[in-house]
Amino acid sequence: RQEEALDTLVELLDRDSWGEVMRAGAIDGIANLREERGVEHLKGQTQYGVPTRARRSAIAALVKLSSGRKIRELLEELLEDGDPHLRTSVGMVLGGLGDTKARPALRRALARDLDGRVRRRLREVLRDLGGRSRREMSTLREEVDMLRRQNAELSARLSKLEGRLADTK
């Protein structure tokens, strides 16, 4: 998390390597810096012409730096890319965001995509989004956990009362 680390990592984005290992590592490093300045560099790595592995790494890394509307819209645009592996990655990342505003774009992509693998992944993402945001799901989980605890406490109290009742008979 040193300030000059971003500059060094940005320089590595242009370095070719087998399997795009260097570029993907630099992208991951930029994401782990958690600096807003890295967003523009990562956006550049999502563009057509950048090797697919690097593009997919950049897509996954972008949401670590920002999960706002602009990132969601960029990802929605990438659902129209010609690479089915990229479209699958974009769908998974959009699903991971938990933003229900992505549902219309995911539905449009599902309606026009011909690749069965992509269609299956988009259906899964739409199913998992389920119309609820991440925050809503977290709140619901907390409420369910609280209800389970209360139920366990009430069951214990009921057992005690039944035991006392049996002792008095």
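Cut-offs used in this document
- Residues numbered from 1 in each chain as written.
- Predicted model: local features only at pLDDT ≥ 70, side-chain atom pairs only at ≥ 80, totals over all residues.
- Heavy atoms only, no water.
- Axes fitted to C-alpha atoms, helices over the stretch in contact; angles between N-to-C directions.
- Helix = DSSP H or I, 4+ residues; strand = E, 2+ residues; numbered from the N terminus.
- Parallel < 35°, antiparallel > 145°, perpendicular 65-115°, else oblique.
- Left-handed = near helix turned anticlockwise from the far one by under 90°.
- Contact = heavy atoms within 4.5 Å.
- Expected span 1.5 Å × (residues − 1).
- Buried < 20%, exposed > 50% of the residue type's maximum accessible area, 1.4 Å probe, protein only.
- Core = buried A, V, L, I, M, F, W, Y, C linked by side-chain atoms within 4.5 Å.
- Salt bridge = Lys/Arg side-chain N within 4 Å of Asp/Glu carboxyl O.
- Polar contact = N/O pair within 3.5 Å; in protein donor to acceptor, adjacent residues only side chain to side chain.

This part covers the packing of helix H4 (residues 52–65) against helix H5 (residues 69–78). In contact at an axis separation of 10 Å, H4 and H5 are set at 155° when each is read in the N-to-C sense. Classified by the interaxial angle, the pair formed by H4 and H5 is roughly antiparallel. By crossing handedness, the relation of H4 to H5 is classed as left-handed. Across the interface between the two elements, Arg55, Ile59, Leu62 and Val63 from H4 touch Ile71, Leu74, Leu75 and Leu78 from H5.

Take helix H2 (residues 21–33) next. Over its 13 residues, H2 extends 18 Å from the first C-alpha to the last, a length consistent with the 18 Å expected when each residue adds 1.5 Å. Of all the positions in H2, only Arg23, Ala26, Ile27, Gly29, Ile30, Ala31 and Leu33 are classed as buried. Elements that come into contact with the buried residues of H2 comprise helix H1 (3–12), helix H3 (38–44) and H4. Looking at the residues trailing H2, positive phi occurs at Arg34, about 60°.

Our next topic: the nonpolar core. If you look at the biggest cluster of nonpolar residues, it comprises 37 residues, and the most contacted ones within it are Leu75, Leu79, Val90, Leu94 and Leu106. Mapped onto this core, the elements with two or more residues apiece are H1, H2, H3, H4, H5, helix H6 (84–97), helix H7 (103–112) and helix H8 (116–129). Counting residues per element, this core draws most heavily on H4, at six residues. Dropping the residues within four chain positions of it, Leu106 is found in contact with Leu79, Gly91, Leu94, Leu122, Val125, Leu126 and Leu129.

Looking at where Arg72 falls in the secondary structure, it is placed in helix H5. Here Arg72 is in contact with Leu94, Asp99, Lys101 and Ala102, once residues within four sequence places are set aside.

Turning next to the pattern of salt bridges. One pass over the structure, following the stated rule, counts 13 salt bridges. Salt-bridge contacts for Asp115 lead to Arg117; the nearest nitrogen and oxygen are separated by 2.7 Å. Under the relative-accessibility criterion, Asp115 is labelled buried at 16%. A network of salt bridges, in which partner residues are shared, links Asp16, Glu20 and Arg23.

We now examine the side chain of Asp113. For Asp113, the position within the fold is in the loop between H7 and H8. Under the relative-accessibility criterion, Asp113 is labelled buried at 8%. Among the polar contacts listed, one links the side chain of Asp113 to the backbone nitrogen of Asp115, at a separation of 3.0 Å. Asp113 has contacts with Arg87, Val118 and Arg119, leaving out every residue within four places of it along the chain.

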